[in-house]
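Coordinate inspection notes
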Amino acid sequence: MESYKNIENGIVPSVCSLDCPDQCGLLLHKKDGRITKIEGDPDHPVTKGAICNKVRHMGERIYDANRLQSPLKRVGKKGEGCFEPITWKEAIDTIATRWKNIISDAGAESILPYSFYGNMGRINSEGMDRRFFNRLGASQLDRTICSVAGSKGYRYTMGGSYGTDPEDMTDTKLFIMWGINAVSTNMHQMMIAQKARKNGAKIIVIDVHKNQTGKMADWFIPILPGTDGALALGIMHILYKENLVDRSFLERYTIGFKELEEHMQSYEPKLVSSITGVPEEEIYSLARMYGEISPSMIRIGNGLQHHDNGGMIVRTIACLPALTGQWLVKGGGAIKGNSAFLAFNTNSLQRPDLLKQQTRTINMNQLGKALLDMNSPVQSLFVYGTNPAVVAPDVNKVRKGLEREDLFTVVHDLFITETAMYADIVLPATSAFENIDFYTSYWHHYIHLQEPVIRPIGESKSNTDVFRMLAKAMEFDESDFKDDDVELIKQSLNQTNNPYLEHVTYEKLKKHSYIKANRTSHLLDNLKTPSGKIELYSHQMEEEGYPPLPTYIPIFEESDFPFLFVPGPNHNFLNSTFSHQDKHMKLEKTSKLFMNSLDAERLGINDGDTVRIWNQRGECELPASVGEQVLPGVVVSQGLWSDMKGKNHMVNALTPDRIADMGGGAVFFSGRVNVEKM
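A closer look at the overall build of the protein chain
Helix and strand content of the protein chain: 26 helices and 27 strands. In terms of overall size, the protein chain behaves like a compact globule, its C-alpha atoms giving a radius of gyration of 25 Å where 678 residues would be expected to give roughly 26 Å. Projected onto its principal axes, the C-alpha coordinates of the protein chain cover approximately 70 × 60 × 50 Å. Expressed as a percentage of its 678 residues, the buried residues of the protein chain come to 63%. Here the analysis covers contacts within the protein chain between residues at least 6 apart in sequence; of these, 76% occur between residues at least 24 apart. When the accessible surface of the protein chain is totalled, it reaches about 25100 Å², and 47% of it is carbon and sulfur. Taking the 74 positively charged and 83 negatively charged side chains of the protein chain as two groups, their mean positions are separated by 3 Å.

What to know about the pairing of strand β15 (residues 380–384)
Sheet faces and side chains relate simply in a regular strand, where the side chains alternate between the two faces. Across the five residues of β15, five count as buried, placing the element largely inside the fold. Alternating residues of β15 divide into Ser380, Phe382 and Tyr384 and Leu381 and Val383, and every residue in both groups is buried. The sheet contact formed by strand β6 (residues 111–115) and β15 spans five bridges and is parallel. Note that in β15 the partner of Tyr114 across the bridge is Val383.

Observations concerning the side chain of Thr316
By the element assignment, Thr316 lies in helix α15 (residues 310–317). Given the relative accessible area of 1%, Thr316 is considered buried. From its side chain, Thr316 meets the backbone oxygen of Met312 in a polar contact 2.7 Å long. Not counting residues within four places of it along the chain, the set of residues in contact with Thr316 comprises Gly229, Ala232, Leu233, Met236, Pro550 and Thr551.

Topic: the state of the cysteines
Under the definition given, this model contains zero disulfides. Not part of a disulfide, Cys146 finds its nearest cysteine sulfur in Cys20, a span of 11 Å.

What counts as what
Residues numbered from 1 in each chain as written. Predicted model: local features only at pLDDT ≥ 70, side-chain atom pairs only at ≥ 80, totals over all residues. Heavy atoms only, no water. Helix = DSSP H or I, 4+ residues; strand = E, 2+ residues; numbered from the N terminus. Rg over C-alpha atoms; globule rule 2.2 N^0.38 Å. Buried < 20%, exposed > 50% of the residue type's maximum accessible area, 1.4 Å probe, protein only. Contact = heavy atoms within 4.5 Å. Areas by Shrake-Rupley, 256 points an atom, 1.4 Å probe, with all protein chains shown as cover. Lys, Arg positive; Asp, Glu negative; His and termini not counted. Charge placed at Lys NZ, Arg CZ, Asp CG, Glu CD. Pairing = 2+ DSSP bridges. Polar contact = N/O pair within 3.5 Å; in protein donor to acceptor, adjacent residues only side chain to side chain. Disulfide = S-S within 2.5 Å.

Right under this line is the structure:
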């Protein structure tokens, strides 16, 4: 088949590259070599042609007049954004020379890569870059900003990221969307639930904010931030007390169900109500619905784990489907993630063996702390696939670190981002539609191949190309740095030790575009827990210093500021992606601070008033949205709005850079603030 990038006119298959669970199948329309329209692939078995505005308007982002066309070097002060064009040779030579000098003076671990999944393509987000920095001996980055706390908590219960197949949910009769604004962040999950509702299914939403998903629910249950684990324990108490548990399932497929039953006695609904803000009678109603309706499925959201107790929250909720035997019912169970079904050969792709001696590991949530620690300073930072000057917690601390004149910073991106404003060298990056790569969903069970659809814009280069160039400049002569992108994909799919991917090869993906994981056996037959069963009581947790049974542990009371602050996602941005583009800003209209009418009345704040939100870390200003969308004592914002337009909307100036209870995760949603009318 002719390469898609060489097809001047026509329609070609593609896949969405955004960090989103849906990972939609796409059809791209081309005219005279340019993408003119992006639509969903109606034949995709899960996404079925429906796509969000973010990817629908991706063409405008790709052809944006502000897109970087060539490498740049800084000619002004850091943060001013003054640059001049240079050649790729000058850029690579400058980086290599500076790094060789840094390594000679301070060692390679004074160099820090900082990246995440702005592009979910596997070889571009975690391929040649990992090989390069392993071989260099740089500091390791603990990439824990998103899902690690909940993933670890879920793993203690279920052994890995195994969940309900979305294609089975046509049979589901009860959907519990717990801590997820699915309309904005997992739209096909909500579409499946709405379709099932036409056949009698019920949709319950449990969240701190009555967002778009909450408004579409049959029953919305507001809850105080960080108390979701207590609510799950209260449900368990009632399930045991009213004999709504499936004891035959518990005996066959779990360990610890008797210990759990005894443990649950202390979580009486009256106590749980006082912790969560959920009325006692509603806890009873919720537990009885969950115990009596089958199949039931819990969609465990990303927001839950962004608390001090986030890992334990998810670990606790993950126990619920076992109590009612939902894992044996088609359409029953839970999803935190489904990535384990699509696990590929990361060792072959990333080559951790190239790291010859152990170096320090820096948690990405504490970038500001790392940049300001002058005892063993980071002397060079290489940023790609993320924008930490907006998305990292305690962002004022991050920016103070980026201001260091002695910090040599390189940014590889499509645009001059807030982070790039502090860079010494800026490198133009290709979009996903200009690369070859493979993609694995963390919600549905399909793996996709993306072939290049258009030629690189300007002088932009892919992540893999940049690190091959740097490897040559650093005189790394190993053959590992000469592997082309197709070879990287083949290595990733070879010897995966994953029975669900045994049938997947590069050649088959090239022929079919996407392939489903092979689900010939039930997931309960292949659990990777130490016991091989669902672990309601976890000896592993006990050995690692955690309570072995699900336990409510309150979030950290960091100050006496009166409001719990939750900066959630919005509908038209994805973290900071799209936050610079006029169309998406117009679609989203404005950032807001949602607060309860009782709190607003007490503070003399009216709907629409501009308010100052502050704590010991920083401040920002937002218009207030007053009503009943949140409980008293809670304030919620939506979206990471750019401050490059001159507005003080930087909500991550307020968020703590503490580490969650499990996996080193972020605690964006466990901060406290004060609010006043401007």
